[in-house]
Each structure stands twice: as C-alpha cells, then as structure tokens.
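These are the residues of each chain, in order.
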Amino acid sequence: MSKKITDKVTWVGKVDWELTTFHGHEYSTFKGSSYNSYLIRDEKTVLIDTVWVPYDKEFVSNLKKEIDLKQIDYIIANHNEVDHSGALAELMREIPDTPIYCTANGAKILKGHYHQDWNFVTVKTGDTLDIGSSTLTFVEAPMLHWPDSMMTYMSGDNILFSNDAFGQHYATESLYNDKVDNCELFQEAIKYYANILTPFSRFVTKKIEEVLSFNLPVDLICTSHGVIWKDNPTQIIEKYLEWANNYQENQITIIYDTMWNSTRKMAEAIASGITKTDPSVTVKLYNASLDDKNDIITEIFKSKAILMGCPTINNGLLHSIGGLLEMIKGLKFKNKKAAAFGSYGWSGESVKQVTEKLKEAGFEVINDGIRTLWVPDADETTKLIDYGVSLVRQLG
Ligand code: FEO
C-alpha cells in the first residue's frame with residue numbers, strides 16, 4: 001500500500017514484518033525491515049529504488065495501482081544489492097526502455113546480477129536531472145556500503161534519498177522517526193551501523209562532511225530501510241558522525257563460550273573484579289552460543305574493551321568464538337582494547353589463539369590473558385577477581 005509523503009513524493013515500498021535474518025543468515029532482524037521505494041511525480045515521473053526479489057510481483061502490481069507504468073520517465077537505482085534492485089527485472093519486463101540512472105559501478109552490478117542490457121545512464125557526484133519544478137542531484141557514496149552506493153537529493157521538497165545510509169532494519173507502519181518507539185529505533189540504527197558500516201567509518205565521515213559542505217536544506221531523509229527521518233532529520237547525521245569517530249562508551253563486554261561452565265565462572269569472577277574496582281563502568285556478559293551474534297557485535301561496538309573467553313577443544317576454539325572473531329576481524333574496529341581467558345584440561349591453546357586473533361582483528365591486546373586448569377576453586381576465583389582488578393588499572 002502506498003503512502004503519501006509530500007505532494008510530489010509517495011512511498012511505494014514493502015514493509016517486511018516477517019524478516020528474521022538478512023544477508024542470508026548473517027544479520028538478525030528481530031524487528032523485521034522494510035525496503036523503501038519512492039515515486040516522485042513532477043513534470044517527469046521518477047521511481048527511486050525497488051524492493052527485495054520475493055516481493056517483486058507484489059511491488060509491480062501495487063505500483064500499477066498507483067500509476068500507469070509507462071508514465072515512469074526515469075528509474076534511479078541508488079544501490080543495487082538485491083534488497084533494492086530485486087524487483088527491477090519484473091518491472092523492466094513492462095517498461096524495458098526506461099532509463100536507469102545509477103553509478104558506473106551500479107551498472108556493472110546490475111548487469112552482473114540480472115544479465116540484461118538495460119538503458120543505463122551512469123551519473124557522477126554533482127550530475128543533475130531536471131524533473132520540472134524540482135531538480136535531482138546525485139552524490140556518489142562509494143563503500144557506503146557497496147562500491148555502487150549513491151544518494152539522490154531532491155530540491156524543492158529538500159529530500160535526501162540516502163539509501164542504506166541512516167537506515168535500520170525496523171518494520172513500522174508509521175513511517176516517520178517521531179511516530180515510533182525511539183529506544184527501539186536507535187537500537188536498530190546503532191546495530192545497523194555496528195554490523196554493516198563500521199569498516200567504512202572513514203568514508204562515512206568524509207561523505208557526510210562533503211554533503212554538509214553543499215549547505216543544502218534537508219527536510220526529510222528518506223532511507224531505504226526503516227523510518228523516514230522527519231523530526232529533526234539531521235539528528236541521525238550527527239549520530240553517524242559520532243559513531244564513525246572510533247565510538248566507545250564506558251563499557252567492558254565479556255564474551256565467552258563454555259562447555260562445563262568453567263569459562264563462564266571465570267567470566268563472572270573477572271566481571272566482579274572489574275565492577276568492584278570501577279563501579280562506573282558498564283560490564284556486560286554474553287555467551288556467544290546463546291546470545292545473538294549481531295547484538296554481541298553491537299555491544300562490542302559500544303565497548304572500550306572486550307574480554308573474550310574460550311575453553312580449549314581439539315587444540316583450538318569453540319565454533320561460536322571462532323566465528324565471532326572472524327566477524328570482528330572483518331568489521332575493523334578501531335581504538336579498542338582486549339584480552340583473552342579460558343579454562344582447559346590438558347593442552348590449553350585457546351587463550352593464546354584468541355589473543356593472536358584479537359591482535360589480527362586490530363584490537364590492542366593489553367595482557368597475555370588468563371587460563372584456569374579444570375574448574376576454578378576458591379584460590380583460583382580470587383586470582384580471577386584480581387585479574388579483573390588489574391585489568392581496570394591497565395585500562396587506565
Ligand atoms: Fe539495503 Fe546494501 O542493501
């Protein structure tokens with residue numbers, strides 16, 4: 001169902017309340033998502049982005065109720081990952097000659113995905129498209145978060161169609177940021193940033209500075225996922241600048257997995273040492289097998305330091321910790337400290353291996369970690385508490 005945003009702009013996307021995972025199973029979407037597509041009717045008619053493949057027929061069918069497809073003069077593909085380009089093939093069967101405005105990388109990606117020689121018009125930053133009383137200006141945003149990503153600015157209505165940037169995997173029928181639970185909204189926004197945009201933070205800062213330098217008025221930020229930023233729309237731009245600047249809170253996150261609870265007991269003893277030494281620090285514990293990996297990543301994003309605990313199995317690591325270490329390596333966190341811990345019975349390689357992987361992931365490892373043979377007794381528990389105490393001092 002379409003929703004009118006301004007006299008000229010109508011939302012024609014899809015709210016996906018059922019979505020539980022995104023990027024295959026790599027990203028949990030407990031609050032669903034939306035694929036936002038927008039129809040602009042000025043002297044010319046423009047469609048910005050489409051929706052994910054499973055909803056392609058529904059999208060085109062709904063669009064036909066809104067407009068005769070032949071009246072669409074231009075399609076703008078701000079970004080061509082399948083959650084936004086997925087309905088293009090279905091649409092282009094109906095209007096095969098309609099020009100598709102996208103970056104040069106966008107054209108390559110669309111050809112690579114759909115193997116069609118559509119009427120691509122490639123654009124660069126500063127190129128414009130006159131559509132009547134409004135002008136659309138294109139701003140390339142490579143690696144935010146794909147090489148093809150771009151944003152489109154609409155004069156008159158002062159709308160920034162930002163695509164993935166500033167988005168959230170958050171299903172809502174309310175459409176606007178001031179009409180939803182803001183705790184949920186910002187939790188989903190920071191989760192999105194932490195899990196998708198962290199590696200590209202330096203591009204985020206540069207691109208925002210570039211866009212701000214244009215001094216364009218922004219009344220609405222129309223993202224491709226989640227809410228439209230309408231109430232104080234630039235608040236999310238300010239948040240992005242904060243998040244992109246090696247973000248951290250006064251938080252230490254302890255992530256562990258455990259087979260027979262020894263490593264869990266270690267985690268809890270270390271946590272008590274930290275909190276008794278510095279009650280101001282937020283300490284959170286997560287079992288990597290039980291807690292959601294993307295929520296853990298979000299907590300790591302918020303942390304000044306992490307401790308990662310893993311027992312030794314088969315001379316190595318439990319898969320949950322191994323997988324999480326691979327994720328954090330790819331996310332390229334900056335300015336975070338770390339250490340490892342873990343229980344063992346005989347060979348006990350895990351702490352050394354976790355330490356090495358934390359270093360590879362770019363964390364500043366602050367000590368050699370701590371190991372416990374079998375199950376911590378009272379003396380060992382005291383040592384672990386003392387380790388937590390010394391850790392606070394090492395963190396300064
Ligand atoms: Fe929402 Fe990068 O696609």
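Residues numbered from 1 in each chain as written. Predicted model: local features only at pLDDT ≥ 70, side-chain atom pairs only at ≥ 80, totals over all residues. Heavy atoms only, no water.

A. Structural detail: the overall build of the protein chain. When helices and strands are counted, the protein chain shows 12 helices and 23 strands. Once the C-alpha set of the protein chain is aligned to its principal axes, its extents read approximately 80 × 40 × 35 Å. Considering the protein chain as a whole, with its 396 residues, one finds that 58% of them fall into the buried category. The contacts in the protein chain between residues at least 6 apart in sequence include a share of 71% that link residues at least 24 apart. Counting only carbon and sulfur atoms, one obtains 50% of the accessible surface of the protein chain, whose full area is about 16,700 Å². The distance from the centre of the 40 positive side-chain charges to the centre of the 53 negative ones in the protein chain is 4 Å. (Helix = DSSP H or I, 4+ residues; strand = E, 2+ residues; numbered from the N terminus. Buried < 20%, exposed > 50% of the residue type's maximum accessible area, 1.4 Å probe, protein only. Contact = heavy atoms within 4.5 Å. Areas by Shrake-Rupley, 256 points an atom, 1.4 Å probe, with all protein chains shown as cover. Lys, Arg positive; Asp, Glu negative; His and termini not counted. Charge placed at Lys NZ, Arg CZ, Asp CG, Glu CD.)

B. The sheet that holds strand 13 (residues 135-140), seen in detail. Here we have 6 strands laid out as an open sheet, ordered 12-13-14-15-16-17, and mixed in their pairing. The open sheet is flanked by strand 12 (128-130) and strand 17 (228-229), the only strands paired with a single partner. (Pairing = 2+ DSSP bridges.)

C. Expanded view of the pattern of salt bridges. Using the criterion set out here, one finds 19 salt bridges in the structure. Linking Lys359 and Glu356 is a salt bridge whose minimum nitrogen-to-oxygen distance equals 3.7 Å. Pair noted here: Lys359 and Glu356 are both in helix 11 (residues 350-360), with a separation of 3 residues, about one helical turn. Exposure remark for Lys359: the relative accessible area of 45% places this residue in the partly exposed category. Owing to a relative accessible area of 40%, Glu356 belongs among the partly exposed residues under this scheme. (Salt bridge = Lys/Arg side-chain N within 4 Å of Asp/Glu carboxyl O.)

D. Looking closely at a nonpolar patch on the surface. Taken together, Trp346, Leu373, Trp374 and Val375 make up a surface patch of nonpolar side chains, about 520 Å² in accessible area. Inspection of the secondary structure assignment puts Trp374 in the loop between strand 23 (370-373) and helix 12 (378-395). (Patch = residues over 30% accessible without salt bridge, like charges linked within 9 Å, V, L, I, M, F, W, Y side chains within 5 Å.)

E. Region of the structure containing the nonpolar core. Of all hydrophobic cores here, the largest spans 86 residues; its most connected members are Phe166, Tyr240, Ile328 and Leu358. Here this core gets 9 residues from one element, more than from any other, and that element is helix 5 (residues 182-197). Two domains share this core, each providing at least three of its residues, namely domain 1 (3-244) and domain 2 (251-395). Here Leu358 is in contact with Ile306, Met308, Leu325, Ile328, Ala338, Ala339, Ala340, Phe363 and Val365, once residues within four sequence places are set aside. (Core = buried A, V, L, I, M, F, W, Y, C linked by side-chain atoms within 4.5 Å. Domains from an automatic or database assignment.)

F. How the structure looks around the pairing of strand 14 (residues 150-154). By the criterion of burial, strand 14 is predominantly enclosed, with 5 of the 5 residues buried. Burial of strand 14 is two-sided: the residues Met150, Thr152 and Met154 facing one way and the residues Met151 and Tyr153 facing the other way are all buried. In this sheet, strand 14 lies alongside strand 13 in antiparallel orientation, the contact comprising 5 bridges. In the strand pairing of strand 14, Glu140 is matched with Met150. Examined bridge by bridge, strand 14 and strand 15 (residues 159-163) share 3 bridges and lie antiparallel to one another. Looking across to strand 15, one finds that Tyr153 is bridged to Leu160. In this structure, the hairpin formed by strand 14 and strand 15 is closed by a connection of 4 residues, where Gly156 is found at a positive phi of approximately 85°.

G. Local environment of the domain arrangement of the protein chain. Taken domain by domain, the protein chain comprises domain 1 (3-244) and domain 2 (251-395). Computed from C-alpha coordinates alone, the two centres of domain 1 and domain 2 are separated by 39 Å. Contact residues are listed per partner, giving 14 residues for domain 1 and 13 residues for domain 2. Roughly 1,100 Å² is buried in total at the junction of domain 1 and domain 2, and carbon and sulfur atoms are behind 58% of that figure. (Buried area = accessible area lost by both parts, 1.4 Å probe.)

H. Here's a closer look at helix 4 (residues 104-114). Where helix 4 is concerned, the buried positions are Gly106, Ala107, Ile109, Leu110 and Tyr114. In an axial view of helix 4, the angular spread of the buried residues amounts to 165°, which keeps them on one side of the axis. In this structure, the buried residues of helix 4 make contact with helix 2 (82-85), helix 3 (88-94), strand 10 (100-102) and strand 11 (120-122). Phi turns positive one or two residues past the end of helix 4, at His115, with a value near 55°. (Arc of directions from axis to C-beta.)

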